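Reading the structure
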Amino acid sequence: MIITKTPLRISFAGGGTDLQCFYKKDFGAVTSFTINKYVKVKIRNSNDCNIKFKYDSVFEKTDNVDMISNQIVREGLKLFNITGGIDIESICDVPSGTGLGSSSSFAVGLIYALSEYTGKDVDAKWLAEKACELEIEILNKPIGKQDQYASAFGGCNYLKFNADESVNVLPIQINRKQERWIKEELLLFYTGIQRSADLVLSDQQSVMSEKSQELIYMRNQASIVKEIFLENQKMDRIGLLLDKGWKYKKALSKKISNDVLDEYYARAVGAGAIGGKITGAGGGGMLMVCCKKSNTSQVRNALKELEEIKFEYCSKGSVLDKI
């Protein structure tokens, strides 16, 4: 059996500037980090000629790769010319559609597992590029590139998306104090709202040309966050940047927030949070807030009806896991 374990990610700043319609005109940039929540992909030989795929409560079985309803699995198998005799299972630590990049983490983990299954040696750069090819070029999803690179490389990275389609990955070494800050002063709550990132991003792209100044500001924030980490500045600055960035992000599309999410955010800030954001494209999913350790109890109480997702920093990208 082959098992891959691929981390989910949280972006601090720059989300949206990794879309082709933006970076083709200049460049995009995102600063993000991976967490110890994962997508696991398990692959083994099947006893027959069928393709079997299991995820959540869904089970698919077919002898025709074109009949697989899961697009990533269907096209992923085609990339490796696999037509049958394979059993695939996917398990994720969090629900899908919650803004932590689980779809792209799954794509990266599946490609890694299929590479191992077919005897192909790979590295993080190749995995990220192949996952982007699968999701953006083949499936024509209206998404960016940040999730694939974040989950493939792992850790904290400044990602620069260039007009020529190349991506520069600058790893940011997290010290113990910064890692402790991530663990103790960043809180993550599940709003209970699942949404399609494709719908939110499609709406955002339709007004991209009108919102270039907001996106440039958000892109520049990614560079500032990078410098805060590299220069070991006070981490409270990131909380303030998150607050400003969230306000700019909401201006990109009416689908990014709603009255319910605004209310949760306002309650968190009222209880002492410095800043925060809805993770991913927006519209639902996870609310991440930054607050001093002394205020975490008040913030948790203000959002007590929401499920808190405890997490820690993860320094590794997609890896082969032990059975």
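See the structure above.
The text that follows walks through the structure, step by step, so that each part is easy to find. Numbering of residues begins from 1 in every chain and follows the order in which that chain's sequence is written. Where totals are concerned, whole chains, interfaces and linings use all residues; where local detail is concerned, this predicted model gives features only for residues with pLDDT of at least 70, and gives and counts side-chain atom pairs only at 80 or more. Working from all heavy atoms in the structure, the side-chain values ignore hydrogens and water.

So, about the pattern of salt bridges. For this analysis, a salt bridge means a side-chain nitrogen from Lys or Arg found within 4 Å of a carboxyl oxygen belonging to Asp or Glu. In total, this model carries 19 salt bridges according to the counting rule given. One salt bridge connects D236 with K292, and the closest N-O pair in it is separated by 2.4 Å. Pair noted here: D236 is in helix α9 (residues 236-250) and K292 is in the loop between β10 (286-290) and α11 (296-302), with a separation of 56 residues, a long-range link. Since its relative accessible area comes to 38%, K292 is described here as partly exposed. The structure contains a network of salt bridges with shared partners spanning D66, R74, E75 and K78. Helix and strand labels come from DSSP, where a helix needs a run of H or I of at least four residues and a strand needs a run of E of at least two; each type is numbered from the N terminus. Categorising residues by exposure relies on relative accessible area from a 1.4 Å probe, with only protein chains included: less than 20% of the type maximum marks a residue as buried, more than 50% marks it as exposed, and the intermediate range marks it as partly exposed.

Looking at the secondary structure, you find E116 in helix α3 (residues 102-117). E116 sits in the partly exposed class, given a relative accessible area of 37%. Here the alpha-carbon distance between E116 and R9, two residues 107 residues apart in the chain, equals 23 Å.

Attention now goes to the pairing of strand β3 (residues 51-55). Two strands pair when backbone bridges link them, and β3 and strand β4 (residues 58-62) are joined in this way by five bridges, in the antiparallel orientation. Considered in β4, the bridge of K52 is made with K61. The turn joining β3 and β4, which pair antiparallel and follow one another in sequence, is formed by two residues; a positive phi near 50 degrees is taken by D56. Strand pairing follows a simple DSSP-based rule, namely that at least 2 bridges must link the two strands. Pairing of β3 with strand β5 (residues 86-92), which is carried by five bridges, proceeds in the parallel orientation. From the neighbouring strand, I51 faces β5, where its bridge partner is I86.

This part takes up the packing of aromatic side chains. Working definition: a ring pair exists when centres of Phe, Tyr or Trp rings (six-membered ring for Trp) sit within 6.5 Å. Plane angles under 30 degrees give stacked, over 60 give edge-to-face, the rest tilted. Inspection of the entire model under this criterion finds eleven aromatic pairs. Where F12 meets F229, the ring centres are 5.6 Å apart and the plane angle is 45 degrees; that geometry is what we call tilted. A residue pair is termed long-range when its members are at least 10 positions apart, and F12 in strand β1 (residues 2-13) and F229 in helix α8 (residues 212-230) qualify at 217 residues. By relative accessible area, which is 2% here, F229 ends up buried. Ring-pair connections join several aromatic residues into one group, and the members of that group are F12, F33, W181, F229 and F311. Criterion for a charge above a ring: Arg CZ or Lys NZ at most 6 Å from the ring centre, at most 35 degrees from the ring normal. Above the plane of the ring of F27 lies R219, whose end atom (NZ or CZ) is 4.1 Å from the centre.

With axes taken as lines fitted to C-alpha atoms, and helix axes fitted only over the stretch in contact, angles between N-to-C directions fall between 0 and 180 degrees. The contact between helix α4 (residues 124-138) and helix α5 (residues 146-153) brings their axes to 8 Å, and the two run at 150 degrees. Viewed along their axes, α4 and α5 adopt a mutual orientation that is roughly antiparallel. The chirality of how α4 crosses α5 is right-handed. Counted together, A124, K125, L127, A128, E129, A131, C132, E135 and I136 of α4 and Q148, Y149, A152 and F153 of α5 form the full contact between these two elements. Here roughly perpendicular refers to angles of 65 to 115 degrees, roughly parallel to angles under 35, roughly antiparallel to angles over 145, and oblique to all remaining angles. Should the near helix be turned anticlockwise from the far one by less than a right angle, the crossing is termed left-handed; should it be turned clockwise, right-handed. Here, two residues are considered to be in contact whenever any of their heavy atoms come within 4.5 Å of each other.

Turning next to α5. For α5, a buried count of seven out of eight residues is recorded, marking the element as mostly surrounded by other parts of the structure. When we look at burial in α5, the residues that qualify are Q146, D147, Q148, Y149, A150, S151 and A152. Considering only its buried residues, α5 is in contact with β1, β2 (27-45), α3, α4, β6 (156-162) and β7 (167-172). Positive phi appears at G154, one or two residues downstream of α5, with a value of about 75 degrees.

We call a set of buried residues a nonpolar core when its members are Ala, Val, Leu, Ile, Met, Phe, Trp, Tyr or Cys and they connect through side-chain atoms within 4.5 Å of each other. Judged by nonpolar contacts, the single largest core of 69 residues is most densely connected at F33, L77 and F229. Among the elements that take part in this core, α3 stands out by supplying eight residues, more than any other. Judged by nonpolar contacts, the second largest core, of 21 residues, contains F22, M218, L252 and Y264.

Further remarks concern the state of the cysteines. Criterion for a disulfide: a pair of cysteine sulfur atoms at a distance within 2.5 Å. Within the structure shown, the criterion is met by zero disulfides. Free of any disulfide, C156 has its nearest neighbouring cysteine sulfur in C314, separated by 12 Å. By relative accessible area, which is 8% here, C314 ends up buried.

In this section: the environment of F12. Its relative accessible area of 4% is what places F12 among the buried residues. For the pair F12 and N220, spaced 208 residues apart in sequence, the C-alpha to C-alpha distance is 12 Å.

Turning our attention to unusual backbone geometry. A positive phi angle is found at N140, which is not glycine, with a value near 55 degrees. Looking at the element boundaries, N140 is found in the loop between α4 and α5. For N140, a relative accessible area of 62% translates into the label exposed. Of note, the phi angle at N232 is positive, near 55 degrees, even though the residue is not glycine. With respect to the helices and strands, the residue N232 is situated in the loop between α8 and α9. Overall, N232 belongs to the partly exposed group, its relative accessible area being 42%.

Turning our eyes to something else, we now look at the sheet that holds strand β11 (residues 307-308). Strand order in the open sheet made by the four strands is β9-β10-β8-β11, with antiparallel pairing throughout. The outermost strands of the open sheet, each flanked by one partner alone, are β9 (275-278) and β11. With four bridges connecting them, β9 and β10 associate as antiparallel partners. Residue pairing for β10: G276 is matched across the bridge by V289. Contacting β9 and β10, α9 crosses the sheet at an angle of about 40 degrees to β9. Each of β9 and β10 is contacted by helix α10 (residues 259-270), which is oriented at about 160 degrees to β9, the strand it contacts most.

Honestly, it's all geometry; don't read function into it.
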